[in-house]
Amino acid sequence: MSSVDIEAIKNQLGLEINAVNSSQGLEELRIKYLGRKGLISQLTGMIPGLPQEERAAFGQKANALKNKTLSLIEEKQRSLGQVSAVEEFSGLDIGLPAIVQDLGRLHPLTQIIDEICAVFVRLGFSVVEGPEIETEYNNFTGLNIPLEHPSRDAFDTFYLKPSNNTNDQRPTTSDRLLLRSHTSPVQIRAMKSQKPPLAVVVPGRVYRPDAVDASHSFMFHQIEGFMVDKGIRFSDLKGVLEAFAKAVFGEDIKMRFRPHFFPFTEPSAEVDISCIICKGKGCSVCGRKGWLEVLGAGMIHPNVFKHVGYNAREYTGFAFGMGVERIAMLKYGINDIRLFFENDLRFLRQF
Amino acid sequence: MKVTYNWLKDFVEITLSPQELADKLTMAGLEVTGLDNHGGDPVFEIEITSNRPDWLSVAGIAREIAAITKSKLRAYSVERIAYRKKLSAIRYPLSAKTIKISIEDRKDCPLYTANLIQGTKVKQAPDWMRQRLESVGCRSINNIVDITNYILFSLGEPLHAFDLDKIVRRSPVAGRQLDIIIRRAKKGEELVTIDGEKRTLSEDILVIAADEITGRQADRRQGTGKPIAIAGIIGGKDTEVDENTRNVLLEAAIFNPLLTRRARQALGVQTESSYRFERGVDPGMVQVASESASELILEHASAECFAFFSSGTAAIKKRQILLDAESAQKNLGITIGPTQIKSILTRLGFTVQVKEKRKMQVVVPSFRIDVAQEVDLIEELARIRGYENIPPTLPKTCLKAADHKKDLLAFTKDILVGLGLQEVITYSLVDRESLRGLCADRAPEVLNPLSKDQEVLRTTLAPGLLTCVSRNLNQQELYVAIFETAKRFVLTDKNVPGEELMLGIALCGARPRFVADGLIKDKMSILHLKGITEVLFERLGISDHLLQIGPAGAVTVKIKGEDIGAIFEAKKDILERWDIKNKEVFILEISLEKVFASARTEKKFKPLPLYPAITRDISLVIKEDLLAGDILTAVRLNAPSLLAEVKIADFYKGRQIPPGYKGLTVSCAYRSAERTLTEEEIAPLHASICGILQDRFGAKIR
């Protein structure tokens, strides 16, 4: 054997080690080269039989080959991973169905409500809920909505049949019961039961006798929020709602406040976000305006404070309200509000 | 409300393009929802909020534009009108003595005016006027009616033109007096209105009545006359202006907003006139509007002259409000001083007098019925200065502890989702029929449902769940596992409606599951609902719970002995109501309020056992009607002290088990706290347990 043979063995080793794809194959290769009767010990065993002057050079080459083999095997071992821990198998078909216990899903409206409330909770708000059957007082009068006023038209309301118990006194108008037409009555409840500072968000179901179509439902969800303390300003309302819009719709969202009228706030605003479909350029979703109305808001009216027994000279506050379905429809691109209440699993599984 | 660009320009100088103007209006609270072109004149569709009736006219919007753009309002001239009035007073054959206006109650009608116009020729209104009216969606009728509408849109004061000769019925003769009476209708009184409808009136409706009285009759007690119009809403057919009208009685008045609203609702007729009276018309505009219209009638209907009569007063006490610049700054979070405040408010028609330091006395003009207190003025400042110019800030946060109940609800939903259930949201209002057989509680009824599907509030979540199951089975779903957390509503014994937060679950079909050997179909059953309840209760820290088979076959769910709900399989005839056939539906409904009241989510560590347990299984066969729960209880009660745990490790029926019997594997774990137990120690204990099972239950141990 000569140095030429050593080169040949080295080349062969390179080819063979590339072909190895299991630890078993690598072990066979190790025995073939480095075993007691392996190729390399055969080489070193030949050294005594060589002429004196060749021994040193040949020995070095054989040794280099041995080191090379060791390092290649080690490298291969690493590339095969924790080779020793993996059970060898055959016949796996990774295309077969997975075996798993699948999770259910929260309704998309729940997901949106949770997401929005979480934003406000991070800002220091607490989440409160209120009853769905309300008094006319909490739903209207306490919120500075006069009993007979055109502003009531916007809040068309389901009333409950008065009790027919003859012993009962005929209920006065304020005691009449109704299904809340907005989540704002929780303002009255919260403020009557607690003193400022107050920062609350109220998610919940609301009801209005609207004929059902793609954009109307007689039952839907709102999130109401309000904050009352000394020194709360309109500018704070803007800051809080901008933080909300950025968290829910993304950092690039623009927001604008337009003067509007709500009986329970003064000054009042309608709040638009830049259209999330066309980014404000104008499209069919935003009616070519580039803006989408998402919120009503304002500074809580002093008359509301009067109703709950707060001193309007001492405290100020803001309130806002939004329709959850509308936000979900915008965010997910849903075009029919009825889908939320049909509960088709093919719809629900998309969220 | 619609308004055109050129019409506005009659009242105010505008240098902005229509689109720029639309943007400015929107940002000032007059939201422009549409901008079209009608015959070369841009038409703005503007949403007017209910608090601003002063914007329901071209003049009102023009005033706003002048304030926003700091441009000049064009003076609206009345001098010419005054001159004509003098002239006409002389020439008109009906002298001032011949018409008498009586207002029954000044609260219903604070001001009523009538302009008598002589010698009209009814024809088409001039083209420019018809075009403008059509631009804002008002149909052209004839010159007289069009002029009243033109003034209504221009100045916001509704007018009504009567054919005077149809009221008086004969040509005016000296010595006759026309009585115009503004009074409540008598019950059952009738009037055919301009739209041809015969309307039956009531005492809640204000009418204009007319009575013609001869000289001698005038001495007698005043009559009540015949209705000729429903005040502020719609005129009578009998007295309407037609092509032969030669003399006109032109009405301009102020009617009570509330009364108008109620009458409009009762009669179900809404007009441009009622829309404005309901919201409030400026008394200061009544005479101007009437005279402006008369002026136009003189010009475009060739009338000869007119005479003005009135009763009541246009004068109202103007509100005065003290405004502190400090309050404005504090409320808005901006810097604003008295000079800027005065400039803004003056442009809007307020009169401002600066008092000591930063305080101002503000007089509210008659057309701003919405401004009652300081904060209303602050809104005006913010609005005209621009909401966009208020910088966003963040308030100091008020930290409050989270609501415990809400946390539990979210936690519960997460557990259910983790168990593979899909959340649904269904309607709280249902058809009464859907509750039949599912809940015996009385449901609160809705007074004004739109349809039968909304007639009651649901007393149970089951109908909503069944609707979902049915719908999804129809979509070829083979497996439906859903839950809802929502309120149920009940009428209590005292007829007071109450609400309770519930959890409802419905399971139907078989859950397809892959195991190593392939697909198995996990057929839903009551035991699946048992499993869900147990996991839920365990995670909520509720240990003292029990499922008890009730007399009707339903399983009662109890916590600490109290009923909190039930698990049941829906009867076939109930399922048929939802078109569910050949399927079993399992339903759970429990009160989350009661569950949460018992929830203990705080954790306490128990030391781990020091010594290993020895487990012995007993495979036994018992009669089918014996209950596994009774066996476990018996074993527990008679257990030797070393029995740490006993449970059913398996259950089976089938070929190896004789008919009428079932197989159970009872698994017993023995453990000592002091030492490692030995086989020898366990053997007698285990034998005694086997003995109990044999003796008490006749179990055959295999």
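Residues numbered from 1 in each chain as written. Chains lettered and ligands numbered in written order. Predicted model: local features only at pLDDT ≥ 70, side-chain atom pairs only at ≥ 80, totals over all residues. Heavy atoms only, no water.

1. Brief notes about the overall build of chain B
- Helix and strand content of chain B: 20 helices and 31 strands.
- Each principal axis of the C-alpha atoms in chain B carries an extent, and together these give about 130 × 60 × 50 Å.
- The buried share among the 702 residues of chain B stands at 53%.
- Considering only contacts in chain B between residues 6 or more positions apart, those separated by 24 or more positions represent 69%. (Helix = DSSP H or I, 4+ residues; strand = E, 2+ residues; numbered from the N terminus. Buried < 20%, exposed > 50% of the residue type's maximum accessible area, 1.4 Å probe, protein only. Contact = heavy atoms within 4.5 Å.)

2. Structural notes on the pairing of strand S21 (residues 479-491) of chain B
Residues and elements named next belong to chain B.
- Judged by how many residues are buried, S21 sits mostly within the fold: 12 of 13 residues are covered.
- Bridge count between strand S18 (residues 422-423) and S21: two bridges; the pairing is parallel. Counterpart to Glu423 in the pairing with S21 is Phe483.
- Where S21 and strand S22 (residues 497-515) come together, 13 bridges link them in antiparallel fashion. When the bridges of S22 are listed, Thr485 appears paired with Leu503.
- Following S21, the chain reverses through five residues before pairing antiparallel with S22; Asn495 in that reversal takes a positive phi of roughly 65 degrees. (Pairing = 2+ DSSP bridges.)

3. What to know about the side chain of Gln329(B)
Residues and elements named next belong to chain B.
- Examined against the element boundaries, Gln329 turns out to sit in helix H11 (residues 325-332).
- Residue classification places Gln329 among the buried positions, given a relative accessible area of 18%.
- When residues no more than four places from it in sequence are discounted, the contact partners of Gln329 are Ile334, Thr335, Ile336 and Arg358.

4. Here we look at the packing of aromatic side chains
- According to the stated counting rule, one finds 22 aromatic pairs over all chains in the structure shown.
- Taken together through their ring pairs, the aromatic side chains of Phe158(A), Phe218(A), Tyr332(A), Phe340(A), Phe341(A), Phe347(A), Phe351(A) and Tyr427(B) make up a single cluster.
- The cationic tip of Arg63(B) hangs over the ring face of Phe367(B); the distance from NZ or CZ to the ring centre is 3.5 Å. (Phe/Tyr/Trp six-rings, centres within 6.5 Å; stacked < 30°, edge-to-face > 60°. Lys NZ or Arg CZ within 6 Å of the ring centre and 35° of its normal.)

5. Let's talk about the packing of helix H6 (residues 143-155) of chain B against helix H10 (residues 286-300) of chain B
Residues and elements named next belong to chain B.
- Remark: H6 packs on H10, axes separated minimally by 9 Å, with the N-to-C direction vectors making an angle of 140 degrees. When the axes of H6 and H10 are compared, the crossing they make is right-handed. Judged by residue contacts, Asn143, Ile144, Ile147, Tyr150, Ile151 and Leu155 of H6 engage Val288, Ala289, Ser292, Ala293, Leu296, Ile297 and His300 from H10.
- In the contact of H6 with H10, the residues fall into 10 nonpolar, three polar and no charged. (Axes fitted to C-alpha atoms, helices over the stretch in contact; angles between N-to-C directions. Left-handed = near helix turned anticlockwise from the far one by under 90°. Nonpolar A, V, L, I, M, F, W, Y, C, P; charged D, E, K, R; others polar.)

6. Describing the interface of chain B and chain A
- Every contact between the two is made by 89 residues of chain B and, on the other side, 90 residues of chain A.
- Joining chain B to chain A, the criterion identifies six salt bridges.
- A salt bridge links Arg471(B) to Glu342(A); its shortest N-O distance comes to 3.4 Å.
- The element contributing the most residues to the side of chain B that touches chain A is S21(B), with eight residues.
- The residue makeup of the side of chain B that touches chain A, split by class, is 38 nonpolar, 22 polar and 29 charged. (Salt bridge = Lys/Arg side-chain N within 4 Å of Asp/Glu carboxyl O.)

7. Examining a nonpolar patch on the surface
- A cluster of nonpolar side chains, namely Ile99(A), Phe514(B) and Leu519(B), defines an oily patch on the protein surface of about 280 Å² accessible area.
- With respect to the helices and strands, Leu519(B) occurs in strand S23 (residues 518-523).
- Of the residues examined, Leu519(B) reaches a relative accessible area of 46% and is grouped as partly exposed. (Patch = residues over 30% accessible without salt bridge, like charges linked within 9 Å, V, L, I, M, F, W, Y side chains within 5 Å. Areas by Shrake-Rupley, 256 points an atom, 1.4 Å probe, with all protein chains shown as cover.)

8. Focus: the pattern of salt bridges
- Applying the stated criterion across every chain, the model contains 55 salt bridges over all chains.
- Of the charged contacts in the structure, one is a salt bridge between Arg189(A) and Glu134(A), with a shortest N-O distance of 2.5 Å. Of this pair, Arg189(A) sits in helix H7 (residues 185-193) while Glu134(A) is found in strand S2 (residues 133-135), placing the two residues 55 residues apart along the sequence.
- Judged by its relative accessible area of 1%, Glu134(A) falls in the buried class.
- One salt bridge connects Arg368(B) with Asp370(B), and the closest N-O pair in it is separated by 2.8 Å. For the pair shown, Arg368(B) and Asp370(B) are each scored as buried.
- One salt-bridge network, held together by shared partners, links Arg52(B), Asp54(B), Glu64(B), Arg368(B), Asp370(B), Glu380(B) and Arg383(B).

9. Here's the deal with H11(B)
All names here are of chain B.
- Burial of H11 is extensive: six of the eight residues sit out of reach of the surface.
- Considered for burial, the residues of H11 that qualify are Ala325, Ser327, Ala328, Gln329, Asn331 and Leu332.
- If you check the start of H11, you find a side-chain oxygen 2.9 Å away from the backbone N of Glu326, and it comes from Asp324. (Polar contact = N/O pair within 3.5 Å; in protein donor to acceptor, adjacent residues only side chain to side chain.)

10. Describing the environment of His160(B)
All names here are of chain B.
- Checked against the element boundaries, His160 lands in strand S6 (residues 159-163).
- Accessibility expressed as a relative area gives 14% for His160, which makes it buried.
- With 247 residues separating them along the chain, His160 and Asp407 place their C-alpha atoms 62 Å apart.
- Once residues lying within four places of it in the same chain are set aside, the contact partners of His160 are Ile194, Gly235, Leu249, Leu250 and Glu251.

11. Thoughts on the domain arrangement of chain A
- For chain A, the assigned domains read domain 1 (3-85) and domain 2 (108-348).
- For domain 1 of chain A versus domain 2 of chain A, the separation of C-alpha centres amounts to 78 Å. (Domains from an automatic or database assignment.)

12. What about the packing of helix H19 (residues 628-637) of chain B against helix H20 (residues 679-697) of chain B?
Residues and elements named next belong to chain B.
- Contact pair H19 / H20: the axes reach a minimum separation of 10 Å and the direction vectors enclose 135 degrees. It follows that H19 is oblique to H20 by the angle criterion. The chirality of how H19 crosses H20 is right-handed. When H19 is examined against H20, the residues Asp630, Ile631, Ala634 and Val635 are found in contact with a partner set consisting of Ile689, Leu693, Arg696 and Phe697.
- When its residues are assigned to classes, the contact of H19 with H20 shows six nonpolar, no polar and two charged. (Parallel < 35°, antiparallel > 145°, perpendicular 65-115°, else oblique.)

13. Observations concerning the sheet that holds strand S3 (residues 41-47) of chain B
Residue and element names in this part refer to chain B.
- The three strands lie next to each other as S1-S3-S2, forming an open sheet whose pairing is antiparallel. Looking at which strands have only one partner, the edges of the open sheet turn out to be strand S1 (2-4) and strand S2 (31-38). Within this sheet the neighbouring strands show an average axis-to-axis angle of 25 degrees, counted without direction.
- Contacts between helix H5 (residues 127-135) and the sheet are confined to S1, S2 and S3, with S2 contributing the most and set at about 140 degrees to the helix.

14. Let's talk about the confidence of the model for chain A
- Of all residues in chain A, 92% attain a pLDDT of 70 or more, and the chain-wide mean is 88.
- Long-range and interchain partners of residues 166-170 of chain A, a stretch whose pLDDT sits below 50, account for one contact in this model, where long-range means more than four residues apart. (pLDDT = per-residue confidence, 0-100.)

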